[in-house]
Amino acid sequence: MVDRLRVTELDFDTIKENLKDFLSQQSEFTDYNFEGSGLSVLLDILAYNTHYQAYYLNMVANEAFMDTALLRNSVVSHAKSLGYVPYSRKAARAFINFTGNTTTNTAGTLTIPKGYTFFSEDVDGVSYNFVTLEDTTVTKSNTDYTFINLPIYEGTLVNYLYVHSEAQNPKQVFLLPDTSIDTSTIRVSVQPSASNTQVSVYLLATDSSNTTSQSEVFFLQESLSEEYQIYFGDNKIGKKLEDGSVITIEYLTTNGELANRANNFVITESLVDSLNDAEIEFAVDPVSPASGGAEKESIDEIKFSAPVQFTTQNRLVTYSDYAAYIKKNYPTINSISVWGGENENPPVFGTVFVSMQPKTGYYVSDVEKQKIIDDIIKPKAIVAVNTIIRDPEYLYLLINSNVLYNPKKTILTGDELKNNVLSAILEYKDNNLDKFESTFVLSKAQDAVDAVDTNTIIGSEVVVRVQKRFKPSLGSSTPYTINFNVPLHRGTVTNKMTSTQFVVFDSTGTQREIFFEELPQSYTGIASIRILNPGQNYTSAPTVTITGDGTGATATATIVNGTLQNVTITNRGINYTRATVSITGGNGFGATAEAIIDARTGSLQTVYYDDFSQKQIVNSNAGTIDYDNGVVAITDIRILSVSAPDGFIRLSFESEKGIISTAKNTIITIDEEDPLAIVTTLEIV
Amino acid sequence: MASIIVQNNPLIPTNVTYRDLDLRFNVHPVKKDVTKHLNEYAVINSVKNLVFTNFYEKPFNPNFGSNVRALLFEPLDEITSTHLERAITEVIANYEPRVSVTEIIADPIPDENRYNVKLTFYILNSQDTITINFFLERIR
């Protein structure tokens, strides 16, 4: 009885073994086990063939599904069936103010032509080419031509001209032979024939439901070779090309994300105005540096975005619609957070709040924000729903770790061990922080430190401080509210709030370099006393005694008609965290009351140290600290300059909790460039 | 590459142990089926296959074979002939457990640009030695 041949294996050796097992059940040929035999050669061929087919089929099956496909063109093709065109590279865009200064005020116009080129200053040693994509014309005002917020795009404008031949190209597909195109810059214009110069501009088809048989649109797809192709309609969806049409395709090839941060542009050639004035002096002022440059969508990103994009159905309704759609059209963001106005305090109904963290830098510029709202969100959002883009608020963590280790159990030097701790914390940050809705967990960070070298590190103590940075408006007297959004630790002598320095005028009008100092003890007395039971039969005011962990609180009672009417605090006392109230005497009985302690607040004063190291107070009432809500309110202060070169004042508190989580537009991060962000001290056992 | 002359005709088989396929796929004159090699013939055929297989010929087993072809492009001298003898002995020892080689002589014939090889072995469980003579010659 010959058993069936097993067919589930894919591997060459196993297939061959199966064949041998199969042959072992017959007696016609017996030499299948000897490698030199003729039968073995035959088995090799059979097994090789089977293996080859199995591998091939496996690959075909893999490529047949979006989740398992490995080749870019398969993934792109699957995405196409979901109506998703992967985004291409995006050119970085900068905004400039451009002025042309003339000597006369004769009226005239100046046009910056499409393709006019600017050079940027070096970014990582490379200067980039920026061009305008449209003709822009202004008229002279007094003696100046002024272009405000002129957008310029990184890259080179490329032009292709095709003459359509129905016989040679019946599918009307035209290749754009470039892999570094920003497809949003493609401009297609069609001329009916070489002699008929009536040019019509065709637009990219985005929505087939409003494309008619006469719509002048083109379709875009990525080709097998990762280049792009455009094709035209069939007179059912989109207008078909006529034989002999002349198609001009113009687009920008770009370096993508490399050109982000490019700034300080210079012109490369002079311009002449309508008066033929060659004496114009040109000046370029940067408004916002280049941003928005991005690489084209990777395979993994397409796999993620295409189904998500499909569920949005090209409309912005839910939070995730906003997140997916904005991310697709503005790919240079790292993380995005969307929340409804009803979650604001106070609620702002009918408004969607969006916060975006860019891939480079900390903030998206205001001009970019407006462009995102106008070009990306508005066309797809529900009518009458407003969108507001908030800047992300960064909460910086300062990690202080004290590591106890045994130097005899390691070959690493102390500095190397410190470096390893540093990279462990940064790895923790990369995996868990630096995005919206992230949570810092102290115990996990501590585990990461301990795990650096379990052999030598005996234990560690990690203290985390939270830091906010704010940029004061210099020279004007302004109040500031700094919202940490997390509970803060009330400082003691050793772990008070720290502040970086800045310069103000003191009361005598002298410039002083000062800093904020926390006064944690103030206002932690008894706020009020609530009567629980007024008691009865009192003939005189009873004595009120307050006992608790603080000192100095006193109060008096007033009686009306034999019952306790009111308890008035005469001294709030200090340092109370809990207190009980006892009411005695007065010949009555039954009166009880409870003490209500202030919310934990502190106050700020501004101080400096004089030449004799004496602390001098500039303003003893510079602000308040609400520890529970994590809000620091600074009263009006006129700051002249800030000592830190980046212009930020930094306030750091020890965190009250070991789990720091955020919502809305707060991002927890660790500033790698700040030498105080991660401080490790080693203790030898 | 070579031809084989089997010198000692073995005895007529009385008990068939080894049956192998003839890779030339000659048709059996009577049965009109594929011819089979039996016993000693099967073994000799196997030895021949081993000797004439070069590296990288067998799928997924690049080191299988004797690789004599590479040696034929070396200088035709005693050193190469020693290598040849060694390669043939090794491939048989590695892949043909039915055979024990008793003697191998590769004799270089410079005039004819070839080696005459005399391979003597016996099949395990059999008393008779088998000697095969063949020549190895570079043909391109």
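About the thresholds
- Residues numbered from 1 in each chain as written.
- Chains lettered and ligands numbered in written order.
- Predicted model: local features only at pLDDT ≥ 70, side-chain atom pairs only at ≥ 80, totals over all residues.
- Heavy atoms only, no water.
- Pairing = 2+ DSSP bridges.
- Helix = DSSP H or I, 4+ residues; strand = E, 2+ residues; numbered from the N terminus.
- Axes fitted to C-alpha atoms, helices over the stretch in contact; angles between N-to-C directions.
- Phe/Tyr/Trp six-rings, centres within 6.5 Å; stacked < 30°, edge-to-face > 60°.
- Buried < 20%, exposed > 50% of the residue type's maximum accessible area, 1.4 Å probe, protein only.
- Patch = residues over 30% accessible without salt bridge, like charges linked within 9 Å, V, L, I, M, F, W, Y side chains within 5 Å.
- Areas by Shrake-Rupley, 256 points an atom, 1.4 Å probe, with all protein chains shown as cover.
- Salt bridge = Lys/Arg side-chain N within 4 Å of Asp/Glu carboxyl O.
- Expected span 1.5 Å × (residues − 1).
- Arc of directions from axis to C-beta.
- Contact = heavy atoms within 4.5 Å.
- Polar contact = N/O pair within 3.5 Å; in protein donor to acceptor, adjacent residues only side chain to side chain.
- Core = buried A, V, L, I, M, F, W, Y, C linked by side-chain atoms within 4.5 Å.

**Student:** Could you clarify how one ought to interpret the sheet that holds strand S29 (residues 563–571) of chain A in this entry?
**Tutor:** Each strand in a sheet pairs with its neighbour through backbone hydrogen bonds, running either in the same direction (parallel) or in the opposite one (antiparallel). Residue and element names in this part refer to chain A. On the basis of which strands lie adjacent, the open sheet formed by six strands has the order S26-S31-S30-S27-S28-S29 and antiparallel pairing. Two strands lie at the open edges of the sheet, namely strand S26 (526–533) and S29, each paired on one side alone. Sheet twist, expressed as the average angle between the axes of neighbouring strands with direction ignored, equals 25°. Relative to strand S30 (residues 579–584), strand S27 (residues 543–548) is paired through six bridges, and the arrangement is antiparallel. When the sheet's bridge partners are listed, isoleucine 546 is paired in S30 with valine 581.

**Student:** Which parts of the structure should I look at to understand the packing of aromatic side chains?
**Tutor:** Two numbers describe a pair of aromatic rings. These are the distance of the centres and the angle of the planes. All names here are of chain A. Counted under the stated rule, the structure contains 26 aromatic pairs over all chains. Taken together, a centroid distance of 5.8 Å and an interplanar angle of 55° make the contact between phenylalanine 98 and phenylalanine 147 tilted. With a gap of 49 residues between them, phenylalanine 98 in strand S1 (residues 93–101) and phenylalanine 147 in strand S6 (residues 144–154) connect regions that are remote in the sequence. With respect to burial, phenylalanine 98 and phenylalanine 147 carry one shared label: buried. Summarising the aromatic geometry, the rings of phenylalanine 470 and tyrosine 480 are spaced 5.2 Å apart at their centres and angled 45° between planes, so their arrangement reads as tilted.

**Student:** Please clarify how a nonpolar patch on the surface should be interpreted in this entry.
**Tutor:** Together, Val41(A), Leu42(A), Ile45(A), Leu46(A), Leu23(B) and Phe25(B) give the surface a local cluster of nonpolar side chains, amounting to about 470 Å² of exposed area. Exposure remark for Val41(A): the relative accessible area of 32% places this residue in the partly exposed category.

**Student:** Would you mind showing me how to read helix H3 (residues 78–95) of chain B here?
**Tutor:** Residues separated by three or four positions in an α-helix point in the same direction, a consequence of the helix having 3.6 residues per turn. All names here are of chain B. For H3, spanning 18 residues, the distance from its first C-alpha to its last is 26 Å, which sits close to the expected 26 Å at 1.5 Å a residue. Turning to H3, its buried residues number three or more, namely Thr80, Ser81, Leu84, Ala87, Ile88, Val91 and Ile92. Mapping the buried residues of H3 onto a view down its axis gives an arc of 120°, with all of them on the same face. Facing away from the buried side of H3 by over 90 degrees, the exposed positions are Glu78, Ile79, Arg86, Ala93 and Asn94. On its buried side, H3 packs onto helix H1 (39–52), helix H2 (68–72), strand S4 (99–109), strand S5 (114–123) and strand S6 (129–137). The residue sitting at the N-terminus of H3 and contributing the capping side-chain oxygen is aspartate 77; that oxygen lies 3.3 Å from the backbone nitrogen of isoleucine 79.

**Student:** I keep staring at the nonpolar core and nothing clicks. Help me out?
**Tutor:** General note: in soluble globular proteins, nonpolar side chains tend to be found buried as a group. All names here are of chain A. By size, the foremost hydrophobic cluster in this structure holds 50 residues, and its most contacted members are Leu397, Phe440, Phe484, Phe516 and Ile634. Here this core takes six residues from strand S19 (residues 393–405), the largest share from any one element. Every residue in contact with phenylalanine 516, bar those within four places of it in the chain, is listed here: Phe470, Met497, Ser499, Phe502, Leu604, Gln605, Thr606, Ala622, Ile634, Ile637 and Leu651.

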